[in-house]
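Analysis of the macromolecular model
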Amino acid sequence: MEIVDSHHHLWDLDLFQYEWMPEDNTILRRSYLPSDLASILEQCSVSGSVVVQADQTVEEAKFLLECANDFLWIRGVVGWVDLQDEKVGDTLDELIKLGPLVGIRHQVEEEVDENWLLRKQTLDGLKELSDRNLSYDLLVKPIHIDQIPIVCKELPELRMVVDHIAKPNIRDRVFQSWSDSISKLQPYSNLFCKVSGMVTEADHNNWTPQDLRPFIQQVRKVFGIDRLMWGSDWPVCLLAGNYQEVMDAALFGMGDMSPQEKKRFLSGTAAEFYRLE
């Protein structure tokens, strides 16, 4: 069965700053390049991937596109552009020519303005993605979930995916408020969700797959198999678990799946959503 990792990162500390990265974090603060991931993917029978931005620069998007051109298992790149730039369309057109650009992400979770997603300039930029058949990764926290339906209605042709199930506080088992919010996303057929990034929202040293299961079961209920995809969030996941542990925990959390459902979850949704070759 083919497996496509819908969400991992690569970074080069010699090239970029990664301001979100703690200076004293010995796990994160080292370079992670395609050669570091290739053997792990082989061990875990993963044949393709989507690499996602980690630095909010166009230069990093170009670097990731170069990686994708050199390593064919990287089937798509989710880069960064300034969505509020009036010339964002020109930037997107330039990046599309350089390699397999499939989408864009902005680190909304770090914006001081909690309503950044709803600004007119942001929505105008997202329209440029929609016009080019590119998708948008929503890196948000629970406080932003209620804004997502507004964007879905404003831009019904834009394919969007919620990264890391919107980062609920799994460590402290803050379930109900997140669950109530995420339930409101069910009606929007242009909206998908990544079962990813959860181990780092749990207790890094003492999490179990059972801790994640209620959260995964809820997104399965809300989005259904056809709008869910698996992602490792490597190397960020290394703060709490290795690649195989993360995949196994996601599969445990999903519970019983038919062979067709498992294939959809592990590769089909990502391939369709990102229009992977």
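Summarised in this report is the structure supplied together with it. Since this is a predicted model, take the numbers as computed values, not measurements.

**Description of a negative patch on the surface**
A surface patch of negative charge is lined by Asp-82, Asp-85, Glu-86 and Asp-90. Here Asp-90 shows up in helix H3 (residues 88-98).

**Describing the environment of Asn-242**
As for its position among the elements, Asn-242 is in the loop between strand E8 (228-230) and helix H8 (243-254). Judged by its relative accessible area of 37%, Asn-242 falls in the partly exposed class. For the pair Asn-242 and Glu-154, spaced 88 residues apart in the sequence, the C-alpha separation amounts to 39 Å. Of note is the side chain of Asn-242, whose polar atom sits 2.8 Å from the backbone nitrogen of Glu-245.

**Some thoughts on the packing of H3 against helix H4 (residues 120-131)**
It is the contact of H3 with H4, at a shortest axis distance of 10 Å, that shows an interaxial angle of 35°. Note on packing geometry: the crossing formed by H3 with H4 is right-handed. Note on element contacts: H4 touches H3 through Gly-125, Glu-128 and Leu-129, opposite Val-88, Gly-89 and Leu-92. Looking at side-chain class alone, the contact of H3 with H4 contains three nonpolar, two polar and one charged residues.

**A short note on the side chain of Gln-107**
Within the element layout of this structure, Gln-107 appears in the loop between strand E4 (101-106) and H4. On the basis of relative accessible area, Gln-107 is assigned to the buried category, the value being 5%. The contact partners of Gln-107, leaving out residues within four places of it in the chain, are Trp-20, Gln-53, Ala-54, Asp-55, Gln-56 and Leu-139.

**Re the environment of Leu-95**
Within the element layout of this structure, Leu-95 appears in helix H3. On the basis of relative accessibility, which here comes to 0%, the residue Leu-95 falls in the buried class. Each C-alpha atom, one on Leu-95 and one on Asp-55, is 16 Å from the other, the two residues being 40 residues apart in sequence.

**Things to note about H8**
Across its twelve residues, H8 extends 17 Å between first and last C-alpha, which sits within 8% of the 16 Å expected from 1.5 Å per residue. Taken as a whole, H8 has its buried residues at Tyr-243, Val-246, Met-247, Ala-249, Ala-250, Gly-253 and Met-254. Buried residues along H8 cover an arc of 160° about the axis, so they all sit on one side. The secondary structure elements touched by the buried residues of H8 are strand E1 (4-8), helix H1 (34-43), strand E7 (191-195), helix H7 (209-223), E8 and helix H9 (259-273). The first or second residue beyond H8 is Gly-255, which carries a positive phi of 75°.

**What about the sheet that holds E1?**
Strand order across the open sheet formed by eight strands is E1-E2-E3-E4-E5-E6-E7-E8, with parallel pairing between neighbours. Pairing within the sheet leaves two strands with one partner each, and these edge strands are E1 and E8. Adjacent strand axes in the sheet meet at a mean angle of 25° when their direction is disregarded. In this sheet, strand E5 (residues 135-138) lies alongside E4 in parallel orientation, the contact comprising four bridges. Note that in E5 the partner of Arg-105 across the bridge is Asp-137. Along the sheet, helix H2 (residues 58-70) contacts strand E2 (48-52), strand E3 (74-79) and E4; its crossing angle with E3, the most-contacted strand, is approximately 175°.

**Re the packing of aromatic side chains**
Each aromatic ring pair is summarised here by two numbers: the centre-to-centre distance and the angle between the ring planes. A full pass over the atoms with the stated rule returns 13 aromatic pairs. Seen from their ring centres, Phe-16 and Tyr-18 are 6.2 Å apart, and the 80° between their planes marks the pair as edge-to-face. According to the relative accessible area criterion, Tyr-18 is buried, its value standing at 0%. Among the aromatic side chains, those forming a connected cluster through ring pairs are Trp-11, Phe-16, Tyr-18, Trp-20, Tyr-32, Phe-63 and Trp-234. Above the face of the Tyr-32 ring, Arg-30 is positioned so that its terminal group lies 4.1 Å from the ring centre. Sitting over the ring of Phe-252, Arg-213 keeps its end group 4.6 Å from the ring centre.

Reading the values: the criteria
Residues numbered from 1 in each chain as written. Predicted model: local features only at pLDDT ≥ 70, side-chain atom pairs only at ≥ 80, totals over all residues. Heavy atoms only, no water. Patch = residues over 30% accessible without salt bridge, like charges linked within 9 Å, V, L, I, M, F, W, Y side chains within 5 Å. Areas by Shrake-Rupley, 256 points an atom, 1.4 Å probe, with all protein chains shown as cover. Salt bridge = Lys/Arg side-chain N within 4 Å of Asp/Glu carboxyl O. Lys, Arg positive; Asp, Glu negative; His and termini not counted. Charge placed at Lys NZ, Arg CZ, Asp CG, Glu CD. Helix = DSSP H or I, 4+ residues; strand = E, 2+ residues; numbered from the N terminus. Buried < 20%, exposed > 50% of the residue type's maximum accessible area, 1.4 Å probe, protein only. Polar contact = N/O pair within 3.5 Å; in protein donor to acceptor, adjacent residues only side chain to side chain. Axes fitted to C-alpha atoms, helices over the stretch in contact; angles between N-to-C directions. Left-handed = near helix turned anticlockwise from the far one by under 90°. Contact = heavy atoms within 4.5 Å. Nonpolar A, V, L, I, M, F, W, Y, C, P; charged D, E, K, R; others polar. Expected span 1.5 Å × (residues − 1). Arc of directions from axis to C-beta. Pairing = 2+ DSSP bridges. Phe/Tyr/Trp six-rings, centres within 6.5 Å; stacked < 30°, edge-to-face > 60°. Lys NZ or Arg CZ within 6 Å of the ring centre and 35° of its normal.

Function cannot be inferred from these measures alone, as they are strictly geometric.
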